[in-house]
Each structure stands twice: as structure tokens, then as C-alpha cells.
Amino acid sequence: MDYNFTEIEERWQKFWEENKTFKTPEDLTNPKKCYVLDMFPYPSGAGLHVGHPEGYTATDIYARYKRMKGFNVLHPMGWDAFGLPAEQYAIQTGTHPSVTTKNNCDTFRRQIRELGLSYDWEKEINTTDPEYYKWTQWIFIKLYNTWFDEKLQKGRPVSELAIPEEIRKHGKKEISNYSDSKRLAYYDNALVWWCPSCRIVCANEEVLYDGSHEKCGNRVEKKNLKQWMLRIPHYAERLLTGFDKLDWPEGIKDMQRNWIGRSTGAEVDFRIDGMKEILTVFTTRPDTLFGATYMVIAPEHPLTKLITTEGHKREVDNYIEAASLKSDLDRTDLAKEKTGVFSGRHAINPVNLRKIPIWVADYVLPGYGTGAIMAVPAHDTRDFEFAEKFNLPIACIQDPDVTDPDQRKRIIAGRECWTEDGRYINSSDSTTGIDINGLNKEAGIAKITAWLESKNLGKAKINYKLRDWLFSRQRYWGEPFPVIHWEDGEITLLDESELPLELPALEKYLPGESGESPLANATEWLNVTDRTGRKGRRETNTMPQWAGSCWYYLRFIDPRNDRQIFDPAKEKYWMPADLYIGGAEHAVLHLLYSRFWHKVLYDLGIVSTDEPYTRLYNQGMILAFAYENASGAKVAADLAEERDGKFYNRETGEELRQLVAKMSKSLKNVVNPDDVVSRYGADSMRLYEMFMGPLDITKPWDDKGVKGVSGFLGRTFRFLSNQANIHPGDEDGEILKALHQTIRKVEGDIENLHFNTAISAMMIFINLAIKKGRITKDSARIFTKILSPFAPHLAEEIWSFLGHNKTISFEPWPEVNEEYLKEEIFEYPISFNGKLRFRITLPVSMEKDEIIRNVLADERTKKWLATGTLSNIIVVPNRIVNVVLKTNP
RNA sequence: GCCCGGAUGGUGGAAUGGUAGACACGCAGGACUUAAAAUCCUGUGGCCAUAACUGGCUGUGCGGGUUCAAGUCCCGCUCCGGGUACCA
């Protein structure tokens, strides 16, 4: 019988749908549960590309396997549908984004269904559905009403915030300001990145290092705008320690650790000569205080203007002005050439009471640490560069741990910078009584920090790079904030009962050039009046796209609940997500934001776990071959033809160059999953996606590879669907052994997400079975079961041939019978000095001595013994024998 | 610059320190066919020897090292990919 995949796949997709095969079990008493989660997609107009099904197939195999293992499985899919493309389209055509979104979701859903992915569609969610974003707004209210208790390291309701007497006596306004200063969500003037092309503010995270917007590639500018911010840095420590119990790739944990950027050091107070103000700096190297020969203060620092002396005022003001006009791009661009001016003022180094000049320079950033530094040019490369340029003194205070005597001389003379360890020199002072000479870095840091603390001159301090999260966008197509700004300046949030606050209908979606959201045009929606007649305006910014994806995994648990965000009993049962797969592009932002929200919800008792995703895995990117001709013009991939290892344009015959690159329209190398499905079938598509290589690596799509797996499925189908090949007798020993080896291999590989080798194991089995010509019905059943998570349509079809009328999806996963795997004999590789020479077949139970006797007795051994003198024989039972010879000269 | 990956046949890739190249593509030869496609069978890292069976040398980016034994562990590089960027 021919393998008619189209017919088979349609039939089973229909069957699963009609029978609600993959409906999530309602019974919460099964102790075995498995929540298998995909990063839900943004439904773009282009439809699915082959990168999507990679992760989806992996989770699908895992979910199907777990069902067969007796687990209750939650495997949902939904749409992260707020976002710019639908809004851009609305601006151009006037089509409401919800229309565009609905069409795109329909396409995605159809494509996903056609891949035979076993999602429970009753759990489908859409972040743009008011019934969904109602709860996004609800969480925002929770964030607003939460403060972070440093002592308990825990978020708590603002109602539990103790107001200090000091504040209380200043009245209501001060009290309210005080709580606002503690809330996890706050509204403030912020110097923010603004993309003039998208007319939107961007989070720091969305601005690339070259100063361009990651979404559109255009240059961003700084703008001062009133914005909503979230105090994620409060959770920095918890976000770091949370990793300990997570089964995540180390690389992703590292990326998040870098992003959080914890650094330990000390804050040190410097007196300013002739003023009562104190200049506090943060340093990771308090041990180098004796080498601090000048200070640098950021132009934006509140003390900068104050400390500047009359004679330097003009110069400093000009510098501040210039720095404020510079975009951060310029600031980074000029990184190679540092700039700065002298303030005219000196600070007093607390360790030796020497006066050191205070400079103003923009290589010190206002947002990190205290916005001012002590400069130790001898032991910090940036300070060294600056000092060299402006002829500032460089005082080496550390005899470096170097072997090169010339280098050591240069360092001690202050002609070269040394940032590693060494022994302190010139690091004592009789007036202040501190002395760290002779110590190394670790001991020096400890001693100086303790001394600073004892003299009340400073304290140990931990700093983080992580900044407050800019949480508003000047856009229409996002969640509206449940916020009203009153004419008297008060800000109130809607009551939970007033949610959702729906997006109003608009005629024009274009945002204002000054940073006004298009919602400012929705007059009727915008203006509100309270009972007392006080007038107010709704917040016109909307939430960023991250908002909806921060918590969607929670709504999947109970998506139709209209009274609660979810039923707590269900949350307790299903959380945390046992497996979460998606692209590494979300390694930092989505995962960090999402963990942050989750921890807040945990602190408030809304969720039962501290972390949302137990096991995370990143699929690699799928690249594709692209072709260009001699002049560099791209040629569509399907026009390229290979002959003798060279590539030619099928139509013009000109020679082409093959490239491997990301799929893109401009390279004309996009592979459309629909084409693959119609040519080879969904099962082949699934199998190829998994067979290409390890899930986590970047790999190129090659149509020829699909042929390989499709051939395997065809052979399997033809072999197992032919009654003549299925016999009623006892199973052949070799087949039985291979079958059970295959079960074990496939099971272990699925658990480890090594799908490529699982597939190759199944290929090996089928090749053997075909060679043998027949197998028993039992073997056929077992093989069909282990194949079913990978190629579910085909497996269902064969399962029904084998006489079953129920779905294979819940058949128990076959057990490995160790009896069949036992070996009587082992073919020992015999090597001489590590080089394999020949093999001897011996019983597995044979003792070492006996093995050695057998090896020595072998005719072929004599030949090799003649090349040297026998010195040792290593026998690793059932593995290898290595004869060690001393070679004759 | 710093952090993290990676480098294995013509290609994608396999290998708990123990038989390198599983499986698949491609290629070559053969069967079926009027022919092609499809399908099936055989071979396939490189080099050398042999009529052949077979035998030898060599081989996992480069250079060292540890070990009876290294693709795998250690040290030093090169190149490629990802992240990050004056973070004090």
C-alpha cells in the first residue's frame, strides 16, 4: 500500500478534533502532571516559518510521550498578538488591528493544526482579548500596590507599608509621595529612549549598542517624558538566587547574571575641600584608595554645578551642555577618546588626607553606582587612559604578579596599567593609621572596607547594572493602563471591578510626533469626571508587548475563568511549567521580566511557586541556503541547481555562490512549512525538524534532508501496513533485542530532548526489520507506540491496521525488558599501544586472566608482540583490551 | 575588550576517557523499467599496497601536555557564532 500522507493526516487531524483527544484532563488527583509550554508566537502576517515548528514539534513529542507515561498533560497554545506590525498596517490602511490580528491568528492556527501538534485548543488565549488583558491590567494594579521589603526580601501590599513619623508629620501629600517612592510601579519623568521613526519610547533593552532601535534599526534619541516604570532592581538578588534550583542552560543563566550585573564593593565618602558636601563614590576596588589620584563626577550629577569653582564655571557649563546634547550613541562613539574638564575643586582622599582634583567627564555614567568615581589610573584601564590624556598623576600601589621584569618596571613607574592581583606598596599612612602594604587584593579589600566602616567613611555595598524597567509605550495596540490622571495631580487606578478598561475605537492610529499616544485622540474615552466634578484624563500610553507575555503561562491554566485570574487549585496543580521551549532571543528580556512578575505574584500569595519555569531549553535557529550570482544579486533558492559540487541558475545557467544565512525575503531563501507539508506530509516535516541535528544548535535547512526522513516513514508504512510481514509466531531474538534497545534509547533521548538520535535509533530498527522480512504483531505494536510521538498521524493509521479502534495517544509507553538485552558474548577490540589491530569474540562473563590468555594465544598477537617488549595488558571487561608494548629501538 | 558556545567525511550530524564517522543526505555501481521517476540491493574519510581476500599508514581547527588509552580531560593559540559594552 502506498503511503498517502495527505489522506492519512487529514483523517487523523479530523479524528483528534472531533474526539477532543487532547483536551486537558480535569482530574487533579493524578500525582503525575506535566505542563509542557511553548513560547507563544506573535502571529505575523507572513504565517508560520520553519523556525516555529522546531520548538513546537519538540514540545509536542515530549507532551505525547508524557501522556503515554500516564501523566496529565497541559499543552496549550496562544497568541502574543499586541505589537507594532498590526498597528503599522492600521495606520496605512485604516483596518483595525484586531481584524488583522484575527486573520493572522486564523492562519497560524490552521498551520499549527496541520502539523498534528497536540494542543488543547480549548485553552487558546490571545493577549489582545479584553478578557485576557483584563488580568494583565489587574496584575499592573497589584504591582502598583506593592512595595519591596528589603529586610524580608519580599514584596508586600502597600497597605502594610509603615510610614515613618518623620514623613507622617508633613501630612497627606508627603505620605502619598513616600508610598509612591516605594511602589513597584511608579509614574515619573524619565529621560528615555525615543525612536522618532516608530514614534515610540524604547526600553534600554530595546536599544542596540550602536544606538539603533532593535525593531526598526533607526537611531533613537533621548527624550524627557512622563512614563511608567517598574522597580525590577529590587528583585535583583532574588532573580539571581532563583537560578539555583532551575534546570536551565548555563549560558542563559549567565546572560541573565550579566544583565543583572551584580558587583560587590564599597561606597566611600570623600570630603570636598572647602565645602560641607560629601562626594560618595562606588568602587569595587576600595583596596586601591591609595592610588586614587583624582575623582570624576558625571556631568548630570546633582553636585557637579555646585562644586564647580568660579574660574571653571564656563568651561564646566559648556561641557555639561555638550554632554546633554550628545546622544548616548555619541557618548559611546567617542569612547575611544575620553573627554572631560577640571571642576576647579578638590576632594580629600580619606586614607591619606591628600587633596585630589575633581574632574567632570562623561565616561562616568549618571545611572550607575553614585554617578561619581574615585579614579585609580594605575589599576583601572579607563582611568589610565583619561589620566594619560590629561596628564594626571598615576600612582602605582601594587607590585604586580608578573614574570616579565620589564613589564613590572613599567607598571611600578606608572607607565602601564595593572588590574590583576599583586602585593600593595605605598599603601600606608601614619596620620590615618591604615596600612595594607604587603597584602594581596582579597585581603586588602577586606581590611580597607573594615577600616572605612569603623571610621564611618564608607560601607560595603552591592550594586546592580539592572535598571528600572520603562513600562509604557506611545502606542494604540497595547494594553491600556487602568490609570486616571486628575487635574489636581493625583493619580488613581481603576478598581478591579472596572476592568477590563477596553481600547476605544479610533479613526487615526498615528501617534503624535511629540510622544503623544494615539489614544490622546479618543476624546470620549479619554476624559473622565468623578462624583465631585473633578476632571481627569486617562493614561494614554499603553503597556509594552512584554506585558502580556509576562504571565500568559498562568492564564493557560484556567483561561475561561471570568471571576478570577485562575482557580488557585488548578494553579497549584499545574505550576510550575515543567518544560519551556523557545528561541534564545528571549534569553534575557522576556524570561527576566516574567520571572520578576512571577516573584511578585508569589510574594502576594497569588501563585504557589517562586519560579515559573523549572526546565528551560532553547531551540537553535534554522538557517537556509541562499544563492547569489557573480554580481551579488540574490537568486531564489528553488532556482539553484547543483552540478558537480557547483551551483547554477536553472534558468540562465550562470554560476552561483551558495551562502548559509538566516531566512529572509531579501535573500529569497524562506522555506514555507505549507509547501513542505504538501510535498512530504506533516509527519515528515516534524521528523525532519527533529532529525536535522541537536535541538539547541543553529543548523541549515536542506530540502534533501526531508527526503531522507520521508523515505523512512514510507518504508515504515509499507512494511507495517502489509499483513504479509506480520506473523503470529515467536519473535526473532535479534529483532527482540533491537526492539528493546530502541525503546530504551528513544525513551532516554526524549527525556533529554535528543530527538535526532532517537529517530536514528528507530531507523536502525526498521532497517533491521525490513531486512529480516517480518516481525510479530506485538513488536509492530511496540514499535508503533514509540514512533507515535514523532509521527502521530502515521502511528494512528498503523495502530488501526493492527486492530485497534481507539487512539494510540494514551496507550502505555512500552517497558524495556532487560532479559532481551542480555549479551552472551562480546567482541573485544584488541589494541596494541592504543591502536586497534583485531577483534576476538569472548563470553561476557570471562575473567580478566582468561581474557589475557586468549589474547596472548591468538596468532595475530604474535606479530605485534614481535615489534616490542610486552610491558602491560589492560583489560576493561566488555569494553576493550589494550596491550602495552615497549618498542624496540 | 569581557562572558558564553562551537570547530569531526563532499553535506547535516553520531560517539558514559575505551572499536571515530552511528543515522541520513549526496555520490558511484547494480536490479526493476522501452525510458524516467519511485522503489530495492551494494559500496563510500583520505593515502598506499594487493588480481582479489585483505593489509598498512594517516585522520576529529592548530601547538603542547596528562593517560595503558584523548574528538572527549588540562595548558596555550586560530577561526566562526551568540550575548554585552566606559557598569567604576
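Residues numbered from 1 in each chain as written. Chains lettered and ligands numbered in written order. Predicted model: local features only at pLDDT ≥ 70, side-chain atom pairs only at ≥ 80, totals over all residues. Heavy atoms only, no water.

Let us now look at the protein's contact with RNA strand B. Near RNA strand B lie 50 residues; those nearest to it are Thr284, Tyr368, Arg382, Arg839 and Arg879. For RNA strand B, the fraction of protein-proximal atoms (within 4 Å) that sit in sugar or phosphate groups is 62%. In the environment of RNA strand B, a sugar or linking oxygen lies 2.5 Å from a nitrogen or oxygen atom belonging to the backbone of Met692. In this structure, a phosphate oxygen belonging to RNA strand B sits 2.7 Å away from a side-chain N or O atom of Arg837. (Near = heavy atom within 4 Å. Polar contact = N/O pair within 3.5 Å; in protein donor to acceptor, adjacent residues only side chain to side chain.)

Here strand β5 (residues 146-149) shows no split at all, with Thr146 and Phe148 on one side and Trp147 and Asp149 on the other all buried. Pairing geometry for β5 and strand β6 (residues 154-157), over 4 bridges, is antiparallel. Bridge pairing in β6 places Thr146 opposite Pro157. The antiparallel pairing of β5 with β6 creates a hairpin that spans 4 residues between the two strands, and Gln153 there sits at a positive phi of about 55 degrees. (Buried < 20%, exposed > 50% of the residue type's maximum accessible area, 1.4 Å probe, protein only. Helix = DSSP H or I, 4+ residues; strand = E, 2+ residues; numbered from the N terminus. Pairing = 2+ DSSP bridges.)

Here the residue pair Leu499 and Pro500 is connected by a cis peptide bond, since its omega of 0 degrees sits within 30 degrees of zero. For Pro500, the location among the structural elements is in the loop between β21 (491-493) and α16 (523-526). With an omega of -5 degrees, the peptide bond running from Met575 to Pro576 counts as cis. Within the fold, Pro576 resides in the loop between α19 (568-574) and β24 (579-583). A positive phi is found at Gln153, a non-glycine position, where the angle reads about 55 degrees. Looking at the secondary structure, you find Gln153 in the loop between β5 and β6. Despite not being glycine, Asn878 shows a phi value in the positive range, around 55 degrees. Among the secondary structure elements, Asn878 is positioned in the loop between β36 (868-876) and β37 (880-887).

Quick look at the layout of surface pockets now. By rolling a water-sized probe across the atoms, one finds the places where empty space is left. Of the pockets and cavities examined, the second largest pocket occupies roughly 630 Å³. In terms of lining residues, the second largest pocket is bounded by 21 residues, among which Ser176, Asp180, Gly489, Glu490 and Ile491 are the most central. Residue assignment for the lining of the second largest pocket shows that the elements contributing at least two residues are α7 (172-180), β7 (185-195), β9 (221-230) and β21. Here the lining of the second largest pocket takes 7 residues from α7, the largest share from any one element. For the lining of the second largest pocket, the per-class residue count stands at 8 nonpolar, 5 polar and 8 charged. (1 Å grid on protein atoms, 1.4 Å probe; cavity = no way out; pocket = protein on both sides within 12 Å on 5 of 7 lines; lining within 4 Å. Points joined across faces, edges and corners; volume = space filled by probe spheres on them. Nonpolar A, V, L, I, M, F, W, Y, C, P; charged D, E, K, R; others polar.)

Together, Asp129, Glu131, Glu502 and Asp562 make up a region of like negative charge exposed at the surface. Relative to the helices and strands, Asp562 resides in the loop between α18 (552-555) and α19. A residue is classified by how much of its surface remains accessible, and Asp562, at 52% relative accessible area, is exposed. (Patch = residues over 30% accessible without salt bridge, like charges linked within 9 Å, V, L, I, M, F, W, Y side chains within 5 Å. Areas by Shrake-Rupley, 256 points an atom, 1.4 Å probe, with all protein chains shown as cover. Salt bridge = Lys/Arg side-chain N within 4 Å of Asp/Glu carboxyl O. Lys, Arg positive; Asp, Glu negative; His and termini not counted. Charge placed at Lys NZ, Arg CZ, Asp CG, Glu CD.)

We now examine the nonpolar core. It is characteristic of soluble globular proteins that their nonpolar side chains tend to be buried jointly. Membership of the largest hydrophobic core comes to 167 residues, with the highest contact counts inside it found for Tyr35, Trp469, Tyr552, Trp597, Trp701, Phe783 and Phe790. Listed in part, the 44 residues of the second largest apolar core include Val351, Tyr424, Ile436 and Leu452. (Core = buried A, V, L, I, M, F, W, Y, C linked by side-chain atoms within 4.5 Å.)

The next point concerns the packing of aromatic side chains. Counted under the stated rule, the structure contains 51 aromatic pairs. Here the aromatic rings of Tyr688 and Trp701 are separated by 4.8 Å at their centres, their planes lie at 90 degrees, and the arrangement is edge-to-face. Taken together, the residues span a long stretch of sequence, with Tyr688 in helix α22 (residues 682-691) and Trp701 in strand β31 (residues 699-701) at a distance of 13 residues. Since its relative accessible area comes to 5%, Tyr688 is described here as buried. (Phe/Tyr/Trp six-rings, centres within 6.5 Å; stacked < 30°, edge-to-face > 60°.)

Let's shift gears to the packing of helix α21 (residues 673-680) against helix α23 (residues 703-720). Interhelical geometry of α21 versus α23 gives an angle of 40 degrees and a closest axis separation of 11 Å. In this structure, the crossing between α21 and α23 has a hand that is right-handed. Here Val676, Arg679 and Tyr680 of α21 come into contact with α23, specifically with Asp703, Val706, Lys707 and Ser710. Class assignment of the residues belonging to the contact of α21 with α23 gives a composition of 3 nonpolar, 1 polar and 3 charged. (Axes fitted to C-alpha atoms, helices over the stretch in contact; angles between N-to-C directions. Left-handed = near helix turned anticlockwise from the far one by under 90°. Contact = heavy atoms within 4.5 Å.)

One pass over the full model with this rule turns up 0 disulfides. In this structure Cys417 is a free cysteine whose sulfur lies 9.5 Å from that of Cys396, the closest cysteine sulfur available. We classify Cys417 as buried; its relative accessible area is 15%. (Disulfide = S-S within 2.5 Å.)

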